[in-house]
Amino acid sequence: MSFYFAIIGTQDNPLFEYEFGSSKQGGDGVARFAEQARHMNQFIVHSSLDIVEEVQYLKCIDRFYNNYVSCFMTGGNVKFLLLHAPSQPAATTTTRASTSIAANPTSPQTEEAIKQFFTEVYENWVKTIMNPFYQVNMEVKSPVFKSRVAAAGKKYL
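From a predicted model like this one, the values you see are computed outputs, not experimental measurements.

Caption draft 1: Seen up close, the pairing of strand E1 (residues 2-8). Most of E1 sits out of view: 7 of its 7 residues are buried. By the alternation rule, side chains of E1 split into Ser-2, Tyr-4, Ala-6 and Ile-8 and Phe-3, Phe-5 and Ile-7, which are all buried. The sheet contact formed by E1 and strand E2 (residues 14-21) spans 7 bridges and is antiparallel. Across the sheet, residue Ile-8 finds its bridge partner in E2, namely Pro-14. Across 7 bridges, E1 lies against strand E5 (residues 79-85) in antiparallel orientation. Each bridged residue has a counterpart across the sheet, and for Ile-8 the counterpart in E5 is Lys-79.

As structure tokens, then:
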């Protein structure tokens, strides 16, 4: 499964973007978005912002073809959006293999893994914005933050 993670500021501006692949079930951690559709990731994520404004953690809030968008909203109105695309189309049959995170993007196991990912990234986000040199809605370019997001992705997704 491929993932595109974005943090969107209070003025709907991107503060952080990161693309990665699943490390579970033998994945190598490399995103496998189709080359002709890769430029659409940011558009898909931003198009789902209208749905986000009500609650803090939303499960799967939007779907665009075979891409799913999950969201976590902080108390400061900063949105964490995760676009996830299964490696193959989601199967409608219920087999043991379809319970894996990569095979079923709307399963309870996948939702729980995404929630844990968001929680860990949120903890790192709070540590990052507590920096006295950080200004609200400033893009985050910290290599430490990026590596912690990558570690959380590898750990949970």
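Caption draft 2: Seen up close, unusual backbone geometry. Located in the positive-phi region is Asp-12, a residue other than glycine, with phi close to 60°. Summarising the element assignment, Asp-12 is placed in the loop between E1 and E2. Among the residues examined, Asp-12 registers a relative accessible area of 39% and is labelled partly exposed. Even without a glycine there, the phi angle at Asn-137 is positive, about 65°. You can call Asn-137 buried: its relative accessible area is 18%.

Caption draft 3: A look at the packing of helix H3 (residues 108-129) against helix H4 (residues 143-156). Running from amino to carboxyl end, H3 crosses H4 at an angle of 165°, the nearest separation of the two axes being 9 Å. The angle between H3 and H4 places the two elements in the roughly antiparallel class. As for the relative orientation of H3 and H4, their crossing is right-handed in sense. On H4, the residues touching Ala-113, Gln-116, Phe-117, Glu-120, Val-121, Asn-124, Trp-125 and Thr-128 of H3 are Phe-145, Arg-148, Val-149, Ala-152, Gly-153, Lys-155 and Tyr-156. For the contact of H3 with H4, the per-class residue count stands at 8 nonpolar, 4 polar and 3 charged.

Caption draft 4: Fine view of the layout of surface pockets. If you add up the space inside the second largest pocket, you get close to 150 Å³. Top contributing element to the lining of the second largest pocket by residue count: H3, with 4 residues. Taken together, the residues that form the lining of the second largest pocket break down as 8 nonpolar, 5 polar and no charged.

Caption draft 5: The pattern of salt bridges, seen in detail. This structure, assessed with the given rule, holds 2 salt bridges. For the salt bridge of Asp-12 with Lys-79, the shortest nitrogen-to-oxygen distance reads 3.9 Å. Taken together, the positions of Asp-12 in the loop between E1 and E2 and Lys-79 in strand E5 put the pair 67 residues apart, joining distant regions of the chain. The class of Lys-79 is buried, set by a relative accessible area of 1%.

Caption draft 6: Representation of the environment of Met-73. Here Met-73 is to be found in strand E4 (residues 67-73). Classification of Met-73 by relative accessible area gives buried; the value is 10%. Counting along the chain gives 21 residues from Met-73 to Val-52, while the straight-line C-alpha distance between them is 7.6 Å.

Caption draft 7: A look at the environment of Lys-154. Mapped onto the elements, Lys-154 comes out in helix H4. Along the sequence, Lys-154 and Phe-20 sit 134 residues apart, while their C-alpha atoms lie 8.8 Å from each other.

Caption draft 8: Structural context of the pairing of E5. The buried fraction of E5 amounts to 7 of the 7 residues, a majority that puts the element mostly inside the structure. Because side chains alternate across E5, one face comprises the buried residues Lys-79, Leu-81, Leu-83 and Ala-85, and the other comprises Phe-80, Leu-82 and His-84, equally buried. In the sheet, E4 pairs with E5 via 6 bridges, with the strands oriented antiparallel. Following the sheet pairing, Val-69 is matched in E5 by Leu-83. Between E4 and E5, which pair antiparallel one after the other, the connecting turn spans 5 residues, and Asn-77 there sits at a positive phi close to 65°.

Conventions we followed
- Residues numbered from 1 in each chain as written.
- Predicted model: local features only at pLDDT ≥ 70, side-chain atom pairs only at ≥ 80, totals over all residues.
- Heavy atoms only, no water.
- Buried < 20%, exposed > 50% of the residue type's maximum accessible area, 1.4 Å probe, protein only.
- Helix = DSSP H or I, 4+ residues; strand = E, 2+ residues; numbered from the N terminus.
- Pairing = 2+ DSSP bridges.
- Axes fitted to C-alpha atoms, helices over the stretch in contact; angles between N-to-C directions.
- Parallel < 35°, antiparallel > 145°, perpendicular 65-115°, else oblique.
- Left-handed = near helix turned anticlockwise from the far one by under 90°.
- Contact = heavy atoms within 4.5 Å.
- Nonpolar A, V, L, I, M, F, W, Y, C, P; charged D, E, K, R; others polar.
- 1 Å grid on protein atoms, 1.4 Å probe; cavity = no way out; pocket = protein on both sides within 12 Å on 5 of 7 lines; lining within 4 Å.
- Points joined across faces, edges and corners; volume = space filled by probe spheres on them.
- Salt bridge = Lys/Arg side-chain N within 4 Å of Asp/Glu carboxyl O.

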